[in-house]
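Here is what each chain is made of, one letter per residue.
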Amino acid sequence: MDIQLGLDTFGDVTVGPDGALLPQAQVVRDVLEQGRLADAVGVDAFGVGEHHRDDYAVSAPDIVLAGLATTTERILLGSAVTVLSSDDPVRVLERFATIDALSGGRAEVTLGRGSFTESFPLFGFDLADYEVLFSEKLDLFARLRAATAEDRPLSWEGSTRRPLVDAQVWPRPAEPLRSWVAVGGSPESVVRAARYGLPLMLAIIGGEPARFAPYVDLYRRALDELGQPGLPVGVHSPGFVAPTDAEARDRLFPHFKANRDRIGRERGWPPATRDQLDAEADHGALFVGSPETVAQKIAGTVRTLGIDRFDLKYSHGPLPHEHLMECIGLYGTEVAPRVRELLATG
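We now turn to the structure provided with this report.

The rules behind these values
Residues numbered from 1 in each chain as written. Predicted model: local features only at pLDDT ≥ 70, side-chain atom pairs only at ≥ 80, totals over all residues. Heavy atoms only, no water. Helix = DSSP H or I, 4+ residues; strand = E, 2+ residues; numbered from the N terminus. Rg over C-alpha atoms; globule rule 2.2 N^0.38 Å. Buried < 20%, exposed > 50% of the residue type's maximum accessible area, 1.4 Å probe, protein only. Contact = heavy atoms within 4.5 Å. 1 Å grid on protein atoms, 1.4 Å probe; cavity = no way out; pocket = protein on both sides within 12 Å on 5 of 7 lines; lining within 4 Å. Points joined across faces, edges and corners; volume = space filled by probe spheres on them. Nonpolar A, V, L, I, M, F, W, Y, C, P; charged D, E, K, R; others polar. Polar contact = N/O pair within 3.5 Å; in protein donor to acceptor, adjacent residues only side chain to side chain. Axes fitted to C-alpha atoms, helices over the stretch in contact; angles between N-to-C directions. Parallel < 35°, antiparallel > 145°, perpendicular 65-115°, else oblique. Left-handed = near helix turned anticlockwise from the far one by under 90°. Phe/Tyr/Trp six-rings, centres within 6.5 Å; stacked < 30°, edge-to-face > 60°. Lys NZ or Arg CZ within 6 Å of the ring centre and 35° of its normal. Arc of directions from axis to C-beta. Pairing = 2+ DSSP bridges.

This paragraph deals with the overall build of the chain. The number of helices and strands found in the chain is eleven helices and twelve strands. Relative to the compact-globule value of 20 Å for 346 residues, the chain shows a C-alpha radius of gyration of 19 Å, a close match. C-alpha extents for the chain along the principal axes are approximately 60 × 45 × 40 Å. Residues classed as buried in the chain amount to 55% of the 346 residues present. When contacts within the chain are restricted to residue pairs at least 6 apart in sequence, long-range pairs at least 24 apart make up 74% of them.

Now for the layout of surface pockets. If you add up the space inside the second largest pocket, you get close to 220 Å³. Forming the boundary of the second largest pocket are 15 residues, of which Arg178, Ser179, Trp180, Pro199 and Pro232 lie nearest the centre. Counting residues per element, the lining of the second largest pocket draws most heavily on strand E8 (residues 178-183), which supplies three residues. Its residues placed into classes, the lining of the second largest pocket shows seven nonpolar, three polar and five charged.

Turning our eyes to something else, we now look at the environment of Asp311. By the secondary structure assignment, Asp311 is in strand E12 (residues 309-313). Classification of Asp311 by relative accessible area gives buried; the value is 3%. Counting along the chain gives 106 residues from Asp311 to Ile205, while the straight-line C-alpha distance between them is 12 Å. Here Gly6 takes part through its backbone nitrogen, which lies 3.3 Å from a polar atom of the side chain of Asp311.

Axis separation between helix H8 (residues 245-267) and helix H9 (residues 274-283) bottoms out at 10 Å; the angle between their running directions is 120 degrees. One finds that H8 runs oblique with respect to H9. Here H8 and H9 pass one another in a crossing that is right-handed. For the pair H8 and H9, contact is made by Arg249, Asp250, Leu252, Phe253 and Phe256 and by Arg274, Leu277, Asp278, Ala281 and Asp282, respectively. Across the contact of H8 with H9, the residue classes tally to five nonpolar, no polar and five charged.

Moving on, we get to the packing of aromatic side chains. Inspection of the entire model under this criterion finds six aromatic pairs. The lysine or arginine in question, Arg267, covers the ring of Phe116, its NZ or CZ lying 4.8 Å from the ring centre. When the ring centre of Phe287 is taken as origin, the NZ or CZ atom of Lys297, which lies over that ring, is 5.1 Å away.

Within the sequence span of H9, burial applies to Leu277, Asp278 and Ala281. Summarising the axial view, the buried residues of H9 lie within an arc of 95 degrees, below the 170-degree limit, and thus occupy one face. With respect to the buried face of H9, the exposed residues turned more than 90 degrees away are Asp275 and His283. Packed against the buried residues of H9 are H8, strand E11 (287-289) and helix H10 (291-305).

Before going further, it helps to spend a moment on the environment of Asp139. Within the secondary structure, Asp139 is located in helix H5 (residues 130-149). C-alpha separation for the pair Asp139 and Leu127, spaced twelve residues apart in sequence, amounts to 19 Å. Discounting residues that sit within four places of it in the chain, Asp139 has contacts with Trp156 and Tyr196.

Turning our eyes to something else, we now look at the pairing of strand E5 (residues 107-112). Across a regular strand the side chains alternate sides, sitting on one face of the sheet and then on the other. Across the six residues of E5, six count as buried, placing the element largely inside the fold. Side chains Ala107, Val109 and Leu111 of E5 all project onto a buried face; the interleaved residues Glu108, Thr110 and Gly112 project onto the opposite face, where all are buried too. Alignment of strand E3 (residues 76-79) against E5, held across two bridges, turns out to be parallel. Counterpart to Gly78 in the pairing with E5 is Glu108.

Turning next to the side chain of Thr14. Considering the arrangement of structural elements, one finds Thr14 in the loop between strand E1 (4-9) and helix H1 (24-40). Of the residues examined, Thr14 reaches a relative accessible area of 5% and is grouped as buried.

If you want it as structure tokens, here you go:
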């Protein structure tokens with residue numbers, strides 16, 4: 001089975017050796033170092049998320065990816081995700097086409113709603129328009145991407161922006177821009193990705209991954225019924241790799257808890273416990289442990305869901321840069337080869 005294995009980061013603000021939070025500018029530079037290491041150790045893809053709050057340093061992932069485009073050699077460079085609802089689909093396509101040019105054809109974009117809403121008031125959008133903004137902007141992006149690939153202009157009209165009349169964008173990617181649609185569990189969103197002929201990225205961030213099998217089946221049935229070709233399905237899930245299972249869980253927990261509790265205070269969740277981390281690691285969507293443990297769990301998920309891509313979201317709150325670098329090294333040199341070995345032997 002041919003599988004792509006990637007890494008994702010949200011650019012979480014990390015702590016330094018003294019335990020104090022690092023300046024956000026340093027965190028951004030650390031993300032670049034992490035991306036270069038991922039390329040060097042053979043990881044297939046590197047994704048950078050978008051947030052607009054003080055616990056994450058990356059608000060413009062495309063700029064970070066441009067910084068990596070000319071300092072890496074083979075790795076795919078993408079967003080995880082681009083919050084399309086509060087962005088301009090025309091500019092998104094132009095920016096990622098530029099990254100594609102800089103990187104020699106290695107850019108990809110993952111389009112989603114995001115799990116936070118800070119970008120809506122920041123950029124002047126009304127949360128009451130949450131559904132229509134994403135729906136119309138995805139429609140415009142998909143149609144403009146197709147028109148660009150066919151070297152023709154596009155006219156388009158909707159309710160969220162002024163109409164386009166015979167519009168074209170540049171630069172033109174040599175191949176249609178790799179574009180995924182991120183879905184967290186909505187059947188309607190799964191079918192919509194199939195309707196536009198775009199690959200599906202499932203965000204599985206809690207619970208048993210096998211429960212998403214019906215979404216994979218729905219997507220593939222929808223592609224077939226809509227007359228679309230077969231397209232990749234990917235999974236994005238959190239995880240962390242260390243030399244042993246105990247080290248991985250012990251290192252991760254305080255930073256996992258800090259991140260979860262910060263968000264939990266905003267959303268009314270109870271404080272995170274070690275039992276929760278252990279339960280998610282044992283039976284849920286947290287891929288944490290030694291290289292062998294993580295490889296076995298990834299391979300099992302790939303087999304169960306029949307997916308083509310697995311991305312490990314390796315950043316977790318203030319987890320220090322040196323631990324993230326070790327995680328990346330182990331993922332590329334030990335986890336990825338072991339996953340492929342396990343899949344090859346059934």
